[in-house]
Amino acid sequence: MRSMLAFAAAAALAAVPHASAGEVEVLHWWTSGGEARSVQSLKDMLAGQGHQWRDFAVAGGAGGEAMAALRSRVLAGRAPAAAQINGTALQEWGRMKVLANLDDVAREQQWDVRLVPLIAQAMKVDGHYVAAPVNVHRINWLWINRALLDRVGGRTPQTWDQFFALADRLQKAGFIALAHGGQPWQDFTTFETVALGVGGAEFYRRALVRLEPAALKSDTMARVLATFRRLKAYTDAKAPGRDWSAATGMVVRGEAGMQLMGDWAKGEFIAAGKQPVRDFICASAPGSDRAYSFTVDSFAMFRLNDAVAVQAQTALARTIMDPRFQETFNLNKGSIPAGLGVEMGRFDHCAQESSAYFVASSMIGTLVPSVAHKMALPERTAARLRDVVSRFWNHDATSVDDTMAALLHAARE
Ligand code: GAL
């Protein structure tokens, strides 16, 4: 991976920039209903300034396919002007010196003041801005169909015991209790949420961020894995391979009762005309109401030579940090603005809660970076852990002990 990226970097530098005057080609993976609505607002605002958006959308939740497409385009010497690149991958691309320096626009719009240090730092490589953040997504959410909850006389679960009791009721009433998409990144997302809910923020950090052997192989990890495995009995036989938005759709339509997923799921409820409280419930995943695992979506710009193309690129970065854009985009996306000082009055209570919890959790030390969504580990390490987790999820005969040993091994490699 590293040598391939290094080669990709060299190819990008040698490349003739792939952008014409006033046009920005933008790689992203936002193709579901809610995601497409959100990205449309960016396209519209850019068009309003006379720049053209060339869409380079690569479907696939969490961007695995999009990142593969980005690597091959850069390798072919045809880097897009901008790409959605999140978390640790920004550092990897940035170190290869293929990304543009956004310090001027950052100074002009006072990004250092308008971003909390945690996010500002994530957008910088060697002290220079290389990306503009659009949002903060909270991962540790549980989504519940309100009508089904009422129908089985259930209450929003706060503990895992309550969760399984509700899941039993839903199942007995003939519903799929838990909508899941069996793709490795979704297995991994669910796993990290269970780890946070069962083990708490400090355990999560020790095991999944610092990869401490004593945490990866511990009684707590054994309980995490056992809880994670228990979930599977509440999913349906068609879960393997299912897209996350299809799983959310099952909860939207009342075919399934619940889904554990980041708040991009809310974008699907909203796109379907549903309202929180009335139609669906957003709750902290069991055991994790005091904690917050987050990811930040951001756009990096690739270095270009053409002055007009650079102008269009700069306009994109400036638009992203425009409070009006941050408001409209996040109302559709399910996330909260990355920039401070955005009017929150039009946001629903899920977003208001997310915003308050983001601040509160950072103050009490329970704000943790999402491992499944690229915020904590280099991609190659995360990928090895993800494989171990999916193997455990898919093969019921794989034991908890063997899986802890495999996690240890994956973390050490
Ligand atoms: C996340 C990303 C979200 C959403 C989700 C599903 O990694 O942060 O914006 O797109 O994947 O694709």
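Keep in mind it's a predicted model, so treat the numbers as computed, not measured.

Brief notes about helix 15 (residues 307-320)
Between its first and last C-alpha, helix 15 extends 20 Å over 14 residues, near the 20 Å set by a 1.5 Å rise per residue. Taken residue by residue, helix 15 has A309, A312, Q313, A315, L316, A317, T319 and I320 as its buried positions. Its side-chain oxygen placed 2.8 Å from the backbone nitrogen of V308, D306 serves as the N-cap of helix 15.

Thoughts on the sheet that holds strand 14 (residues 336-337)
Taken in spatial order, the four strands line up as 14-7-12-15 in an open sheet, and their pairing is mixed. Each of the sheet's edge strands pairs with one partner strand only, and the pair in question is strand 14 and strand 15 (367-369). For strand 12 (residues 292-295) and strand 15, the ladder comprises three bridges, and the chain directions are parallel. Residue Y292 lies in a different strand from strand 15, and its bridge partner there is L367. Against the sheet, helix 17 (residues 349-364) touches strand 7 (135-138), strand 12, strand 14 and strand 15, its axis set at about 105° to strand 12.

Description of the site of the ligand
Surrounding the ligand, one finds 13 residues, the nearest of these being E35, A62, D297, K333 and H373. W30 is positioned with one of its side-chain polar atoms (N or O) 3.0 Å from an oxygen atom of the ligand. Separating an oxygen atom of the ligand from a side-chain N or O atom of E35 is a distance of 2.7 Å. Protein contacts shield 100% of the accessible area of the ligand, which totals 300 Å² for the unbound molecule. The cavity where the ligand resides is the largest cavity. Taken together, the residues that form the shell around the ligand break down as five nonpolar, five polar and three charged. Here the shell around the ligand gathers at least three residues from each of two domains, domain 1 (2-137 + 296-362) and domain 2 (138-293 + 370-412).

Thoughts on the nonpolar core
The biggest cluster of nonpolar side chains holds 68 residues, and the ones touching the most others in it are L70, I85, W93, W111, F302 and L316. With six residues, the top contributor of residues to this core is helix 15. Ranked by size, the runner-up nonpolar core spans 55 residues in total, among them F188, L216, M221 and A382.

Comments concerning the state of the cysteines
By the definition in use, this model includes one disulfide. The disulfide that involves C282 links it to C350, with 2.2 Å between the sulfurs. The disulfide joining C282 to C350 has a torsion of about -95° about its S-S bond and is therefore left-handed. A residue pair is termed long-range when its members are at least 10 positions apart, and C282 in strand 11 (residues 280-284) and C350 in helix 17 qualify at 68 residues. Of the two residues, C282 and C350, both sit in the buried class.

Examining the sheet that holds strand 11
One open sheet accounts for four strands, arranged 9-10-8-11; its pairing is mixed. With partners counted over all chains shown, the strands left at the sheet margins are strand 9 (176-178) and strand 11, one partner each. Taken pair by pair, the neighbouring strands of this sheet meet at an average axis angle of 15°, ignoring direction. In the sheet, strand 8 (residues 141-145) pairs with strand 11 via five bridges, with the strands oriented antiparallel. Counterpart to W141 in the pairing with strand 11 is S284.

Some points on the environment of V116
Turning to its location among the elements, V116 is positioned in the loop between helix 6 (111-114) and helix 7 (117-122). Assessed through its relative accessible area of 23%, V116 is described here as partly exposed. Taking the C-alpha atoms as reference, V116 lies 36 Å from R155; in sequence the two are 39 residues apart.

Here's the deal with the layout of surface pockets
In this model, the largest pocket occupies a volume close to 380 Å³. Lining of the largest pocket is provided by 23 residues; of these, G63, G64, K374, E379 and R386 occupy positions nearest its centre. Of all elements in the fold, only helix 3 (64-75), helix 4 (88-95), helix 10 (184-209) and helix 18 (379-394) reach the threshold of two or more residues within the lining of the largest pocket. For the lining of the largest pocket, the class distribution of residues is 12 nonpolar, five polar and six charged. Both domains that meet at the lining of the largest pocket, namely domain 1 (2-137 + 296-362) and domain 2 (138-293 + 370-412), each give it at least three residues. In this structure, the second largest pocket encloses a volume near 270 Å³. The wall of the second largest pocket is formed by 17 residues, among which P337, L340, S355, F358 and V359 lie closest to the centre.

Thoughts on the pairing of strand 13 (residues 298-301)
Taking every second residue as pointing to the same face, both faces of strand 13 are buried, with S298 and A300 on one and F299 and M301 on the other. As paired strands, strand 6 (residues 131-133) and strand 13 are joined by three bridges and run antiparallel to one another. Its bridge partner being in strand 13, A132 is matched across the sheet by F299.

Conventions we followed
- Residues numbered from 1 in each chain as written.
- Predicted model: local features only at pLDDT ≥ 70, side-chain atom pairs only at ≥ 80, totals over all residues.
- Heavy atoms only, no water.
- Helix = DSSP H or I, 4+ residues; strand = E, 2+ residues; numbered from the N terminus.
- Expected span 1.5 Å × (residues − 1).
- Buried < 20%, exposed > 50% of the residue type's maximum accessible area, 1.4 Å probe, protein only.
- Polar contact = N/O pair within 3.5 Å; in protein donor to acceptor, adjacent residues only side chain to side chain.
- Pairing = 2+ DSSP bridges.
- Contact = heavy atoms within 4.5 Å.
- Axes fitted to C-alpha atoms, helices over the stretch in contact; angles between N-to-C directions.
- Near = heavy atom within 4 Å.
- Areas by Shrake-Rupley, 256 points an atom, 1.4 Å probe, with all protein chains shown as cover.
- 1 Å grid on protein atoms, 1.4 Å probe; cavity = no way out; pocket = protein on both sides within 12 Å on 5 of 7 lines; lining within 4 Å.
- Sits in = over half its atoms within 2 Å of the grid points.
- Nonpolar A, V, L, I, M, F, W, Y, C, P; charged D, E, K, R; others polar.
- Domains from an automatic or database assignment.
- Core = buried A, V, L, I, M, F, W, Y, C linked by side-chain atoms within 4.5 Å.
- Disulfide = S-S within 2.5 Å.
- Points joined across faces, edges and corners; volume = space filled by probe spheres on them.

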